[in-house]
Amino acid sequence: MLITYNSCEAEIPAIDQKRISDWVNRVVVNNGGEVGEINYYFCSDDYLLKMNREHLNHDYFTDIITFDYTVANIISGDLFISIDTVRDNAEEYKCTFFDELHRVIIHGILHLLEIDDKTDEDQKIMTQKEDESLALLSEID
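In short, a report on the structure. (Residues numbered from 1 in each chain as written. Predicted model: local features only at pLDDT ≥ 70, side-chain atom pairs only at ≥ 80, totals over all residues. Heavy atoms only, no water.)

1. Quick notes on the packing of aromatic side chains
The following threshold applies: Working definition: rings of Phe, Tyr and Trp (its six-membered ring) pair if their centres are within 6.5 Å, and the pair is stacked with planes under 30 degrees apart, edge-to-face with planes over 60 apart, and tilted otherwise. Secondary structure elements are defined from DSSP: runs of H or I of at least 4 residues count as helices, runs of E of at least 2 residues count as strands, and each element is numbered from the N terminus. Whether a residue is buried, partly exposed or exposed follows from its accessible area with a 1.4 Å probe, protein chains only, as a fraction of its type maximum: under 20%, in between, or over 50%, in that order.
The full count for this structure, using the stated rule, is six aromatic pairs. With a centroid separation of 5.6 Å and an interplanar angle of 10°, the aromatic rings of Tyr5 and Tyr40 are classed as stacked. Taken together, the residues span a long stretch of sequence, with Tyr5 in strand E1 (residues 2-8) and Tyr40 in strand E2 (residues 34-43) at a distance of 35 residues. One exposure class covers both Tyr5 and Tyr40, and it is buried. Judged by centre distance (6.4 Å) and plane angle (25°), the ring pair of Tyr47 and Phe80 falls under stacked. With Tyr47 in helix H2 (residues 45-56) and Phe80 in strand E4 (residues 74-82), the pair connects residues that are 33 residues apart, well separated along the chain. You can call Tyr47 partly exposed: its relative accessible area is 25%. One aromatic cluster is present, built from ring pairs that chain together Tyr41, Tyr47, Phe67 and Phe80.

2. Considerations on the side chain of Glu130
Here is the rule: Under the rule applied, a polar contact is a pair of N or O atoms within 3.5 Å (in protein, one hydrogen donor and one hydrogen acceptor; residues adjacent in sequence only if both atoms are side-chain atoms). Contact between two residues is taken to exist if any of their heavy atoms lie within 4.5 Å; hydrogens are not considered.
Residue placement: Glu130 occurs in helix H5 (residues 120-137). A polar side-chain atom of Glu130 sits 2.5 Å from a polar atom in the side chain of His107. Ignoring sequence-local partners within four residues, the contact set of Glu130 consists of Arg103, Ile106, His107 and Leu110.

3. Brief notes about the nonpolar core
The nonpolar side chains of a soluble globular protein tend to be buried, and buried together. Heads up, the rule is: Remark: nonpolar core denotes a set of buried residues (Ala, Val, Leu, Ile, Met, Phe, Trp, Tyr, Cys) joined through side-chain atoms within 4.5 Å.
Counting residues in each nonpolar core, the largest one holds 33 residues, and the members touching the most others are Trp23, Val24, Ile38, Tyr40, Ile81, Leu101 and Ile109. Breaking this core down by element, the ones donating at least two residues are E1, helix H1 (17-30), E2, E4, helix H3 (83-93), helix H4 (97-112) and H5. Looking at which element gives the most residues to this core, the answer is H4, with eight residues. Those residues within four positions of Tyr40 in sequence are excluded, and the remaining contacts are Ile3, Thr4, Tyr5, Asn6, Val24, Leu79, Ile81, Ile105 and Ile109. Formed by seven residues, the second largest nonpolar core is a distinct cluster that contains Cys8, Leu48, Met51 and Ile65.

4. A few points about the sheet that holds E4
The following threshold applies: We call two strands paired when DSSP finds no fewer than two bridges between them. Simply put, an axis is a line fit to the C-alpha atoms, just over the touching stretch for a helix, and the angle between two N-to-C directions goes from 0 to 180 degrees.
Spatially, E1-E2-E4-E3 is the arrangement adopted by the four strands of the open sheet, whose pairing is mixed. A single partner strand is all that each edge strand has here, and the edge strands are E1 and strand E3 (64-68). With strand direction ignored, the average angle separating the axes of adjacent strands in the sheet is 15°. In this sheet, E4 lies alongside E3 in antiparallel orientation, the contact comprising five bridges. Paired with Asp68 across the two strands is Gly77, which belongs to E4. Against the sheet, H2 makes contact with E1, E2, E3 and E4, and its axis sits at roughly 45° relative to E3, the strand it touches most.

5. Remarks on the pattern of salt bridges
Rule in force here: One side-chain nitrogen of Lys or Arg within 4 Å of one carboxyl oxygen of Asp or Glu is enough to make a salt bridge.
Within the structure shown, the criterion is met by six salt bridges. Residue Lys18 is joined to Asp22 by a salt bridge in which the shortest nitrogen-to-oxygen separation is 2.8 Å. Here Lys18 and its partner Asp22 are both found in helix H1, four residues apart, which amounts to about one turn of the helix. Classification of Asp22 by relative accessible area gives partly exposed; the value is 27%.

Fair warning: the whole summary comes from geometry, so function is off the table for now.
Here it is in structure tokens:
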């Protein structure tokens, strides 16, 4: 298992990286996978917007972009998270920055586990899986 935390035009948030890594590993294993190499990159809105335009041809801000390198059940990928958008969303959803950050961190992992959120039905399933995964975080010391 290799999970890294990196910065791109933003500081790495003050998270307990070991706890988050243990949590991510548990979510992956609970969903039938094995953690390969997962790299988190914390960045600015501008950095992620540029990536969104260049790689996905999307011209809008987003909280996360996930690049999937999974092979079979070895879950691997690069996850780019906009700290700016996470902060804005936390304010909009009336939750703490870290609650929203945890949701986004696991949202990317769920995408690597082939859980989509394109349709209304998919969004319901994604939200349910996010909630289940977030409940696991409280069990990890």
